[in-house]
Amino acid sequence: MAEAMSHPSKIFNSKQCIKGVIIAVVLMQLCGMSYYLVFTLGKQRQKNASHVQDSNGDPHVYNVKVLEEVLHPGGDSNFKIEGKKVAKVIGNLSKKQQDFFPKIKSNISVYTTQSQRVKFSETLQKQKSFKKFNKYISQKVILGEDKKSYFHIVGTKRCFKEGTKSFTNQGLCTCLPNWYGPQCSIPACVHFADYPPRTLHVRKNPRRIIHAFPFNHEFEALTTLLHEVGDVVDQFIIVESNYSAYGDKKQLRLLKALNSGFGAEYHSKILYIFLDHFPEGGRKDGWIADAYIRAYCGKKGLKHIGDLRPDDIMIITDADELPSRDLMLFLKWHNGFPEPFGIKFRWSVYGYYWKMPEISRIMVGCSMFIFKYVFQYDTSALRKAVEGTYLLDKPSLRWLADNVTTEPWFFGSHNHLGGWHCSWCFKPKGIATKLTSAQNGDYPRWGDFPEKQNLTYIANLIKTGTWFDGNTLGEGGVVYETPKTDPFFAPSYLLKNPDKFKYLLKNPYRKLQNRYNQD
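If you're wondering where the values come from, they're calculated on a predicted model, not measured in any experiment.

Q: Lay out the packing of aromatic side chains in plain terms, naming residues and giving numbers.
A: Within this structure, the stated rule accounts for 29 aromatic pairs. Considering the side-chain rings of Tyr-353 and Tyr-480, the 5.7 Å spacing of their centres and the 35° angle between planes classify their relative orientation as tilted. Of the two residues, Tyr-353 sits in the loop between β16 (341–349) and β17 (354–355) while Tyr-480 sits in strand β21 (residues 479–480), which places them 127 residues apart along the sequence. In this structure Tyr-353 comes out as buried when scored by relative accessible area, which is 1%. For Tyr-480, a relative accessible area of 10% gives the class buried. The structure contains a cluster of three or more aromatic residues connected by ring pairs, namely Trp-424, Trp-446, Phe-449, Tyr-457, Trp-467 and Phe-468. Stacked on the ring of Phe-151, the Lys or Arg Arg-158 has its end atom at 4.2 Å from the ring centre. The ring centre of Phe-410 lies 4.1 Å from the NZ or CZ of Arg-361, which sits over that ring.

Q: Can you explain the pattern of salt bridges? Please cite residues and give values.
A: All told, the structure shown has 18 salt bridges when counted by the stated rule. Notably, a salt bridge pairs Arg-309 with Glu-145, separated by 2.3 Å at the nearest N-O pair. Remark: Glu-145 occurs in the loop between α7 (114–128) and β3 (151–154) and Arg-309 occurs in the loop between α11 (286–299) and β13 (313–316); sequence separation between them is 164 residues. The class of Arg-309 is buried, set by a relative accessible area of 5%. Each of Asp-290, Arg-294, Asp-318, Glu-321 and Arg-383 takes part in a single network of salt bridges with overlapping partners.

Q: So what's going on with the nonpolar core? Which residues, and what values?
A: Membership of the largest hydrophobic core comes to 60 residues, with the highest contact counts inside it found for Leu-331, Tyr-352 and Phe-411. The dominant element in this core, judged by the number of residues it contributes, is helix α12 (residues 325–333), at 6 residues. Taken domain by domain, this core gets at least three of its residues from each of domain 1 (121–144 + 208–422) and domain 2 (423–505). Leu-331 has contacts with Arg-207, Ile-209, Ile-313, Ile-315, Phe-337, Phe-341 and Phe-411, leaving out every residue within four places of it along the chain. Judged by nonpolar contacts, the second largest core, of 26 residues, contains Ile-210, Leu-271, Ile-273 and Val-374.

Q: Which residues make up the layout of surface pockets, and what are the values?
A: Its volume calculated, the second largest pocket comes out at about 820 Å³. Residue lining of the second largest pocket: 35 residues in total, with Asn-178, Leu-417, Trp-420, Pro-487 and Phe-488 positioned closest to the centre. Residue-level mapping places the lining of the second largest pocket at the junction of two domains, with at least three residues from each of domain 1 (121–144 + 208–422) and domain 2 (423–505).

Analysis parameters
- Residues numbered from 1 in each chain as written.
- Predicted model: local features only at pLDDT ≥ 70, side-chain atom pairs only at ≥ 80, totals over all residues.
- Heavy atoms only, no water.
- Phe/Tyr/Trp six-rings, centres within 6.5 Å; stacked < 30°, edge-to-face > 60°.
- Helix = DSSP H or I, 4+ residues; strand = E, 2+ residues; numbered from the N terminus.
- Buried < 20%, exposed > 50% of the residue type's maximum accessible area, 1.4 Å probe, protein only.
- Lys NZ or Arg CZ within 6 Å of the ring centre and 35° of its normal.
- Salt bridge = Lys/Arg side-chain N within 4 Å of Asp/Glu carboxyl O.
- Core = buried A, V, L, I, M, F, W, Y, C linked by side-chain atoms within 4.5 Å.
- Domains from an automatic or database assignment.
- Contact = heavy atoms within 4.5 Å.
- 1 Å grid on protein atoms, 1.4 Å probe; cavity = no way out; pocket = protein on both sides within 12 Å on 5 of 7 lines; lining within 4 Å.
- Points joined across faces, edges and corners; volume = space filled by probe spheres on them.

See the structure below:
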């Protein structure tokens with residue numbers, strides 16, 4: 001003991017040794033528990049997962065429940081609510097799929113509390129308020145959240161305001177005409193669609209809608225679109241070029257109009273994209289030019305949106321194709337419809353009065369998840385998606401085809417359409433502009449014939465419902481319709497402003513006694 005007291009360093013070393021042994025034993029126990037948890041949870045995950053092989057024969061383990069969360073996060077969870085839940089979902093994805101979410105991961109802290117979300121929303125409004133558009137500088141956009149009230153809340157029940165006539169204290173909803181479902185949230189174009197989906201359900205939170213299209217001089221259609229769905233769509237991507245679809249230099253009509261106040265109340269939702277070149281080969285083959293400017297809407301436009309989510313909806317149309325407000329509201333609030341999807345449009349020419357006997361069937365949209373991994377942000381490819389089997393031809397996407405309905409599907413039926421396609425709907429001068437701007441793809445290209453550009457000649461075509469080849473529009477003739485004869489005649493904004501758009505609602509060059517054009 002005296003020796004020990006005279007050498008205190010020996011006592012210190014003995015204590016260190018005992019402490020080290022204890023720590024080692026504890027670490028061994030912890031490692032054993034960790035191995036047990038990893039092994040057990042790994043087995044459980046494999047048990048609950050779908051096994052799919054890629055083109056190299058390597059198995060991919062993908063949890064089907066995770067897939068549903070990724071595609072439709074507005075159901076039981078939403079990517080804006082819990083950062084931990086987002087991280088959990090991301091952790092179950094492959095590295096390639098995780099690449100979709102970098103901005104979501106970096107912004108998780110923004111959405112942790114309600115007060116932070118409100119503050120973030122106020123900041124967004126300041127960022128998105130701008131007075132001037134610049135063709136060389138496209139603004140960065142953060143979509144944020146749609147906080148508008150869309151439902152009547154009765155206890156735990158909800159009735160969709162747009163489709164509800166009345167509701168009881170027990171939460172029973174009575175629907176307006178052309179609205180269906182227990183919450184009056186299903187429009188007629190979905191309810192009466194061919195092979196209507198059986199898995200529809202209302203989301204807890206609205207998804208965001210991005211609507212993209214190229215623009216030439218379709219001011220009437222754009223005005224109508226903004227007033228019809230401007231409060232439903234979260235972002236418009238509009239591409240304008242200083243070249244026509246034919247390759248000729250032209251003015252930037254929309255840029256000038258926007259900076260003069262056109263559509264001022266919707267400026268915060270308009271992402272203006274300037275295309276300053278014409279694709280090689282587009283002059284000889286107009287379909288190259290057509291595909292290029294459509295693809296530019298997605299590949300270039302989406303780079304300016306900073307908070308994309310996999311359940312955002314991407315819509316691509318021409319400027320003269322107007323989805324109905326009812327359909328856009330449905331897309332915003334529902335899950336369970338097949339992807340990609342198209343719309344059956346009411347088709348008319350020169351004005352809404354000359355109704356074609358054929359329906360215009362056009363592929364228009366899908367979720368951002370499908371848009372990235374199936375179409376690689378190519379809006380032209382989405383528009384051409386008329387057959388679903390092509391998805392199965394991509395080995396890396398077989399897991400998607402096995403777990404998600406990926407067969408193209410159309411909203412609408414012959415008597416319950418999903419929107420309006422008004423072709424060549426201008427005054428004669430506007431039709432002449434369209435003639436000379438048209439791509440070199442539809443033959444004969446009537447813009448190559450100077451006599452076809454004569455305004456008196458064009459006015460007579462409008463009067464008689466005749467095409468540039470001298471034949472009556474449509475197979476078997478078009479029908480002259482009015483708001484009284486056709487309940488789906490035109491968008492409500494036009495019908496509420498008949499004096500402003502009279503030339504689109506009524507043939508300005510003749511008074512018809514017969515609804516059928518037999519000239």
